[in-house]
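As a plain string of letters, each chain reads:
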Amino acid sequence: MATRLLRILHLRHQALSLWKGPPGYMNRTLLSGRLPSSTVSMVHSQHTDVESGVVTTEGSQTTDLETERFTLETRLRNAQSPEDVWKELNEEGMTGDNAVLAISKLNGFTQTMKEGGVTNDTILQDPNFLVLCNVANNSVTKMFTGSVLSMLRNLLQIGMNPESKIIKSLETEIRWRMRRLNIYHLCFLAQFPMHDGSATESQKELMSEVLRNLDMRWTELREPRSVVQLMASVGHLSTGLMERLEDKVLEMAEQLTQEETARVLQVLANRGRRTVPLLRALAYHLSRRQFRLDHNVASTIAYAFASLNFPNTAVLQKMSSELVEQVPELKPPTLISFAKSYSYLKWHHQPLMDTMAAYVTTNLKFLSEEQVANFLLAFGRLNFTPSSADEFFDQVLPYVTEGLSTLPKWMQLDLVWSLAILGRLTPALVAKVLTPSFYMSLTEGLSFKAQSSLLKILHIHTTVRQELTGYSGPLLTTEFCHPSRVHVSPGKNNKAVLPVVDTVATVVGGLHKLRSEVVTPYGWTLDCEFVLDKDNRGLTVHEYKADHIPGDQSGLIALPEGSHRFALLVWEYGNYCVQSRKLLGRFAMCRRHLQAADFTLLEVPFYEWKELKSEFQRVEYIKDKIRKAIAEEAVNVL
């Protein structure tokens, strides 16, 4: 462009020599009136040879230097390896911006080198890299803010020593410019790897200053992407900032893409923040959108909902309906993630579960034993039996039986327990887990995990005794099944159970005729136990023999003929599948075991009890439930 301008000036100079008008007029018109002052001064500082047509300027040397730097930048951008960068290294001709680009390229090469088994020390220990750092260090104060931040991040990712001179210079320069950084620079800086325990004191101070500025300037955030990134990177470092970011996301909930929504939910799940207003807003906008959710996004959302115990039925229904068609195309890990998340959410979607079962039988040869076990664990928790149950278990049971020993011990126990829930135990599987060498190590101690394993072993043992005819393998000893070994709490909400127990006491004639929180050798705890004679009058339960009560019972009497031993079971909201009156697997097994142990069940679901407003209604309700339970038992006997 400069050459073209000089050519125009040359032509105008020729025109001046042919001008016959007043002297000086043409010069003033052409130069002063039409050209900028900078151009006029340049003309005065140049020499033009009209006859030869050659124009020379004092700025030609500068133009050549700029061209050289542009060419150097292009070659750096096209570099394919660290050696290509070293070839372009020239301390005299390279500027700070070139150094920033070179270090960025080197950081990009580190990933390829890592895949090839080459460490970053190859770059860090190269003498050329030290020269490059010196060039950058001498130009730090002249760089743009974005270049300073980019260089610091790249050097940290490469593995540069945090105590090195260049790192210290960059950190100091950022501190000096802290007040001039815009909100997006702060967001970018907050994502640097300077949060862990390996950070130096100066890095911790820098990050503390960044958090302080973000805490004051969070209202400047306008893009949902920046808010989501901040929640993921520094939300856990400042509770106050995290709360403000959640408020900001709540304002932007409608603008979030499905990927950003899933990222927010994942951050909340990882941090254990169950912010219900935000979760409801995100779920509302997800359910309202017409587009189909990507299966990876849907998997993340299901995981987050399960971690936060937030079963939003609208979103789950939308995801399940869309997922039914996609199941054959999904990879096993993704489908297992859905199955596990839905089981923890207590979401029973029959078409989706049937499709998953069909997927297992179709791809059984390509699934590992652990993957098949995860599907069975989910099915057991939800008390799901496939439509073609016999065909499904005929294929799956031999496969998991053969590969049972390859699974971790806790998963072996959970797998057999799930099959006990589904009523599909086999002698080979039972004999494995009821061997003392297997279960003793799992049930030692009073930890929650040990106590949970103890209850599962008792459930399996009870299932074998009551349902698995012809089994001749090992069984638990009487001492092992003693209720005194169980130290876990019943797990019931006393506020929900106590009013029912009080009403039952009113019906049978007083609390002294009841036995509350009865721990049985079957692995189940009864809310209360009572006895009625053939005329439905309450008897004192402590005076009669009971098979589930250990100890000497020589002074007790047998139950009178025609009497009934009742077990009260108060079913709460958490005992059912979401938006369903179908009991979860373990509670359905509880009902089955107690009925087989000659208990008459008095079941009180939460959805029926909450409709009773007066004490009179509650008493009449319990009396009616007792009559119906006795009538059902009589029908089953016939």
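Owing to the predicted nature of the structure, the values given are computational and were not obtained by experimental measurement.

(A) Structural view of the overall build of the chain. When you go through the chain residue by residue, the secondary structure sums to 30 helices and seven strands. Taken over 638 residues, the chain has a buried fraction of 48%. Contacts in the chain between residues at least 24 apart in sequence constitute 71% of all its contacts with a sequence separation of at least 6. Carbon and sulfur atoms form 50% of the exposed surface of the chain, whose accessible area is close to 33100 Å².

(B) Geometry of the pattern of salt bridges. Following the criterion strictly, the structure yields 20 salt bridges and no others. With its nearest N and O atoms 2.5 Å apart, the salt bridge here joins E246 to R273. A residue pair is termed long-range when its members are at least 10 positions apart, and E246 in helix α14 (residues 239–252) and R273 in the loop between α15 (258–271) and α16 (276–288) qualify at 27 residues. The salt bridge involving K625 is made with E608; its shortest N-O contact spans 3.6 Å. With K625 in helix α30 (residues 615–637) and E608 in helix α29 (residues 606–609), this residue pair connects regions lying 17 residues apart in the sequence.

(C) Structural detail: helix α27 (residues 494–508). The end-to-end C-alpha separation of α27 is 20 Å, in line with the 21 Å expected for 15 residues at 1.5 Å each. A positive phi of about 115° marks G509, the residue just after α27.

(D) Representation of the environment of T300 within the structure. Within the fold, T300 resides in helix α17 (residues 295–308). Sequence spacing of T300 and A269 is 31 residues, and the spatial spacing of their C-alpha atoms is 10.0 Å. With near-sequence residues (within four places) excluded, T300 lies in contact with A262 and Q266.

(E) Quick look at the packing of helix α21 (residues 369–382) against helix α23 (residues 409–421). As a packed pair, α21 and α23 sit with axes 9 Å apart at the nearest point and diverge in direction by 45°. The pairing of α21 with α23 is recorded here as oblique in orientation. For α21 against α23, the interelement crossing comes out left-handed. Between α21 and α23, the residues in contact are E370, A373, N374, L376, L377 and G380 and M411, D414, L415, S418, L419 and I421, respectively. Class assignment of the residues belonging to the contact of α21 with α23 gives a composition of seven nonpolar, three polar and two charged.

Cut-offs applied
- Residues numbered from 1 in each chain as written.
- Predicted model: local features only at pLDDT ≥ 70, side-chain atom pairs only at ≥ 80, totals over all residues.
- Heavy atoms only, no water.
- Helix = DSSP H or I, 4+ residues; strand = E, 2+ residues; numbered from the N terminus.
- Buried < 20%, exposed > 50% of the residue type's maximum accessible area, 1.4 Å probe, protein only.
- Contact = heavy atoms within 4.5 Å.
- Areas by Shrake-Rupley, 256 points an atom, 1.4 Å probe, with all protein chains shown as cover.
- Salt bridge = Lys/Arg side-chain N within 4 Å of Asp/Glu carboxyl O.
- Expected span 1.5 Å × (residues − 1).
- Axes fitted to C-alpha atoms, helices over the stretch in contact; angles between N-to-C directions.
- Parallel < 35°, antiparallel > 145°, perpendicular 65-115°, else oblique.
- Left-handed = near helix turned anticlockwise from the far one by under 90°.
- Nonpolar A, V, L, I, M, F, W, Y, C, P; charged D, E, K, R; others polar.

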